[in-house]
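A look at the structure
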Amino acid sequence: MHHYDPSSEIQDYLVFGEYGDVNPSITDSSTYTFLNPQTMNELFEQEIEGCFLYSRHWNPTNKYLADALSKLEDSEAAIVTSSGMGAISCVVLQLCNSGDEIVSSRTIYGGTYALFKNFLPKFGIKVKFVNTQDLSAVKKAITKKTKLIYCESVSNPLLEVADIPRLSEIANSNGIKLVVDNTFSPIIISPIRLGAHIVVHSLTKFINGTSDCVAGCVCSTKEFISQLTDINSGASMLLGPVLDSFRAASIMKNLHSLHIRIKKHSENALYLAENFHKLGCKVFYPGLKSHKGHKLLKKIMNKGFGYGGMLAIDAGTTEQANKVMENMQHEKVGYLAVSLGYFKTLFSSPGHSTSSEIPEEERKAMGLSDGLVRISIGLDNDIKRTFKRIKKCFIQAGLCK
Ligand SMILES: *Cc1c(COP(=O)(O)O)cnc(C)c1O
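Residues numbered from 1 in each chain as written. Predicted model: local features only at pLDDT ≥ 70, side-chain atom pairs only at ≥ 80, totals over all residues. Heavy atoms only, no water.

1. Brief notes about the pattern of salt bridges
Per the counting criterion, the structure on display carries 10 salt bridges. Two residues, Arg247 and Asp212, come together in a salt bridge whose shortest N-O distance is 3.8 Å. Within this pair, whereas Arg247 is found in helix H10 (residues 245-255), its partner Asp212 is found in the loop between strand S6 (198-202) and strand S7 (216-220), the two being separated by 35 residues in sequence. Judged by relative accessible area, Asp212 falls into the partly exposed class, the value being 39%. Asp370 is the partner of Arg363 in a salt bridge, and the nearest nitrogen-oxygen pair spans 4.0 Å. (Salt bridge = Lys/Arg side-chain N within 4 Å of Asp/Glu carboxyl O. Helix = DSSP H or I, 4+ residues; strand = E, 2+ residues; numbered from the N terminus. Buried < 20%, exposed > 50% of the residue type's maximum accessible area, 1.4 Å probe, protein only.)

What follows is the structure, given as structure tokens:
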């Protein structure tokens, strides 16, 4: 398990274009012709390898990207969607009926949190938010109505590491699904190999890596992916979050450099985290021995890609966090912007939206402070120079001397 290398799997996935083009041809059509009506009718009944009906259902370019992503996650199958939220909403609406329940981590991406908290109740789906670090709390929250456990492999914003093997045991013993959002740790963690049933990604972040589009994917069994794409009852087919084929083609090209980028993001993030720590700053990075999830991550991660490109610092107050971020943008450290996984450094203040389930007292104990700054570390060649710039910003904001 430890020496699994997703990038080699992607490398071995060879597809080419109509004329032997090294990049597969981009399909530029919403619909497909048939030589006879019988085949068309058959395709309504069941999928036929290499046969396409209509682009919202499947198109060849999206299929190439989906197949490459299933190599990344070592899943039987995958689909791509027009956003990470599109992938997440299709998964939960496929698995849950009115009256069903979800047991979710309480520290999840803000959009997912809002979907679970504000939107799903419209359909009679109830979400129980728990501390998924506490496995007994997860077990206790499960009822006969629970259909899935939901968590992020590395969570926002404190970068807590989910114990996927043990969460998977809990899911299996209750006959329910473990759904893992692996957006923060592609290539580093392979949730399906650890027992997760379904993996979702926002491709918008590290996997694409150029902050030029929004996209998502679901990786799982052939059976579940077929359910999602079923012409009569599939969430991705009927809700319609289809990815444009030109985008699928450009994401596929970026996917092939993911391993190099992740290594560099990780190397830079570790250097900064260690040096912030030396400065006496409160820093959250799973590559540091002081981080709560360090040991677990070391145990479950694929070796050779580092501990990821995300880190968080506690600047104390909202005012200090704002000052640090303004200074960092001024010093050309990167951009004050949401999102992550870009080649340049991005930073923002996570705010309260994702953690409002957590009582004030506990938030303090966890280190969820108002002054938190989340940083997605870029691919800077000279990270020492970057550190000097950030240190200057920290001094100006009174974070250190
Ligand atoms: C951004 C993000 C999403 C949502 O993805 P979109 O592509 O913006 O729809 C979901 N989960 C995580 C962890 C994210 O960072």
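Now that the structure has been shown, we can carry on.
2. Description of the sheet that holds strand S12 (residues 372-376)
Taken in spatial order, the 5 strands line up as S8-S9-S12-S11-S10 in an open sheet, and their pairing is mixed. Edge strands, defined here as strands with exactly one partner in the open sheet, are strand S8 (282-284) and strand S10 (334-336). Pairs of neighbouring strands in the sheet enclose a mean axial angle of 25°, with direction left out of account. Judged from the 3 bridges that link them, S10 and strand S11 (residues 345-348) form a sheet pairing that is parallel. Among the inter-strand pairings, Tyr335 is bridged to a residue of S11, identified as Leu346. Of the strands in this sheet, S8 and strand S9 (310-314) are in contact with helix H11 (residues 258-279), which crosses S9 at around 20°. (Pairing = 2+ DSSP bridges. Axes fitted to C-alpha atoms, helices over the stretch in contact; angles between N-to-C directions. Contact = heavy atoms within 4.5 Å.)

3. As for the site of the ligand
Near the ligand you find 15 residues, and of these Met85, Asp181, Ser202, Thr204 and Lys205 are the closest. Here Met85 contributes a backbone N or O atom positioned 2.9 Å from an oxygen atom of the ligand. A distance of 2.8 Å separates an oxygen atom of the ligand from a polar atom in the side chain of Ser202. Look at the ligand: alone it shows 380 Å² of surface, and the protein chains cover 93% of it. Residues of the shell around the ligand, tallied by class, amount to 7 nonpolar, 5 polar and 3 charged. (Near = heavy atom within 4 Å. Polar contact = N/O pair within 3.5 Å; in protein donor to acceptor, adjacent residues only side chain to side chain. Areas by Shrake-Rupley, 256 points an atom, 1.4 Å probe, with all protein chains shown as cover. Nonpolar A, V, L, I, M, F, W, Y, C, P; charged D, E, K, R; others polar.)

4. What about the sheet that holds strand S5 (residues 177-181)?
With respect to topology, 7 strands assemble into an open sheet ordered S1-S7-S6-S5-S4-S2-S3, the strand pairing being mixed. Each having just a single partner strand, strand S1 (77-81) and strand S3 (126-130) make up the two edges of the open sheet. Neighbouring strand axes in the sheet, compared pairwise and without regard to direction, differ in orientation by 20° on average. Note that strand S2 (residues 101-105) and strand S4 (residues 146-152) share 4 bridges and pair parallel. In the sheet register, Ile102 faces S4, and the bridge partner there is Leu148.

5. Concerning the nonpolar core
Core analysis: the largest hydrophobic core is formed by 118 residues, its most contacted members being Leu65, Leu69, Phe116, Val218, Phe276 and Leu311. Residue assignment places this core across two domains, with domain 1 (6-255) and domain 2 (259-396) each supplying three or more. When residues no more than four places from it in sequence are discounted, the contact partners of Leu65 are Val80, Leu203, Leu243, Ala248, Ile251, Met252 and Leu255. Ranked by size, the runner-up nonpolar core spans 7 residues in total, among them Phe284, Ile358, Met366 and Leu372. (Core = buried A, V, L, I, M, F, W, Y, C linked by side-chain atoms within 4.5 Å. Domains from an automatic or database assignment.)

Without other data, these values stay purely geometric and don't point to any function.
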